[in-house]
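# Inside the fold
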Amino acid sequence: MSARSIFARALVPAVIAALAAGNAAAANLTEGFDTVLPAGWTQKNNSAPIGTTNWFQGNATVFTSQSGAANSYIGANFNNTAGAGEISNWLITPTLSFNNGDTLTFWSRSVTDSLYPDRLEVRFSNVGGTDVGNTATSVGSFSTLLLSINPNLEQGGYPGEWTQYSATISGLSGATNGAIAFRYTVNSGGPSGDNSDYIGIDSVSITAAVPEPSTYALMALGLGAIGLRRRKQMQDR
């Protein structure tokens, strides 16, 4: 076996171990909302006017959780604003290190056969933190819309049973500190409004992308070639 092959084969395990160690700091989060508010999460109610509720522990008498104890989900409702107002209530994950291909999954629902449409946006900030602005229409640094449930506020457009949703992070130049926000946003909401009822979110999971084995091998061979070149340069001196 040539010296080049021996060097490359010896380097592969070290590269894989290094990559795996780096991946440990990537975006990985699982939350079932056994308690509200979970540690590291942030809520901010920018509804106009502000109502009497924020994000709260799920109410099992309205509906039970997707998984776990009956009330182990997080909820928001029409009382996020007062009168006939504009709801804009934010629930923000901790800041994590994201890469392209990282995946968010979660479950959400509204009340079965609700007459009052709900809407939820899922947004991404490529700087992390909690800047969502200070008005009912502002989004701060969370300018990337990953998905919207019932964007047109149609009656029956928000599922009345637990439904799973997913979104994939893309467009990043490399590892990026970021955060994901759930925004309960309803026009003409509130106890006197035409829209807004009650929503729940459960079983949130953020999963880091895993490079293909071929990617590890190519990186290992590339680093091996660099190492051999440097070794030859040292021998020629």
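It should be noted that the structure appears before, not after, this text.
A brief look at the structure comes next. (Residues numbered from 1 in each chain as written. Predicted model: local features only at pLDDT ≥ 70, side-chain atom pairs only at ≥ 80, totals over all residues. Heavy atoms only, no water.)

## Some remarks on unusual backbone geometry
Spelled out, the test is: Labels follow the DSSP assignment, with helices taken as runs of H or I lasting at least four residues and strands as runs of E lasting at least two, numbered in each case from the N terminus. In this scheme, a residue with accessible area under 20% of its type's maximum is buried, one over 50% is exposed, and one in between is partly exposed, where area comes from a 1.4 Å probe on protein chains only.
In this model, V36 is joined to L37 through a cis peptide bond whose omega is 15 degrees. Along the chain, L37 falls in the loop between β1 (29-31) and β2 (42-45). Look at S203: it is not a glycine, yet its phi comes out positive at around 50 degrees. The topology assignment puts S203 in strand β13 (residues 198-207). The exposure class of S203 is partly exposed, given its relative accessible area of 22%.

## Observations concerning the pairing of strand β6 (residues 81-92)
Heads up, the rule is: Paired strands, in this sense, are two strands between which DSSP finds at least two bridges.
In terms of strand pairing, β2 meets β6 through four bridges, oriented antiparallel. Counted as the bridge partner of K44 is W90 from β6. Inspection of the sheet shows strand β3 (residues 48-50) paired to β6 by two bridges, in the antiparallel sense. Opposite A48, over in β6, you have E86 as the bridge partner. Bridge count between β6 and strand β12 (residues 176-189): seven bridges; the pairing is antiparallel. By the bridge assignment, W90 is partnered in β12 with R183.

## Regarding the pattern of salt bridges
The cut-off we apply is this: The rule for a salt bridge is simple: a side-chain nitrogen of Lys or Arg has to be within 4 Å of a carboxyl oxygen of Asp or Glu.
For the structure shown, the criterion picks out three salt bridges. R109 serves as the salt-bridge partner of E161, at 3.8 Å between the closest nitrogen and oxygen. Placement of the pair is E161 in the loop between β10 (144-149) and β11 (163-168) and R109 in strand β8 (residues 103-110), with a sequence separation of 52 residues. Under the relative-accessibility criterion, E161 is labelled partly exposed at 48%. Salt-bridge contacts for R183 lead to E121; the nearest nitrogen and oxygen are separated by 3.1 Å. Here R183, found in strand β12, pairs with E121, found in strand β9 (residues 120-125); they are 62 residues apart in sequence, far enough to count as distant. Each of E121, R123 and R183 takes part in salt bridges that share partners, so that together they form one network.

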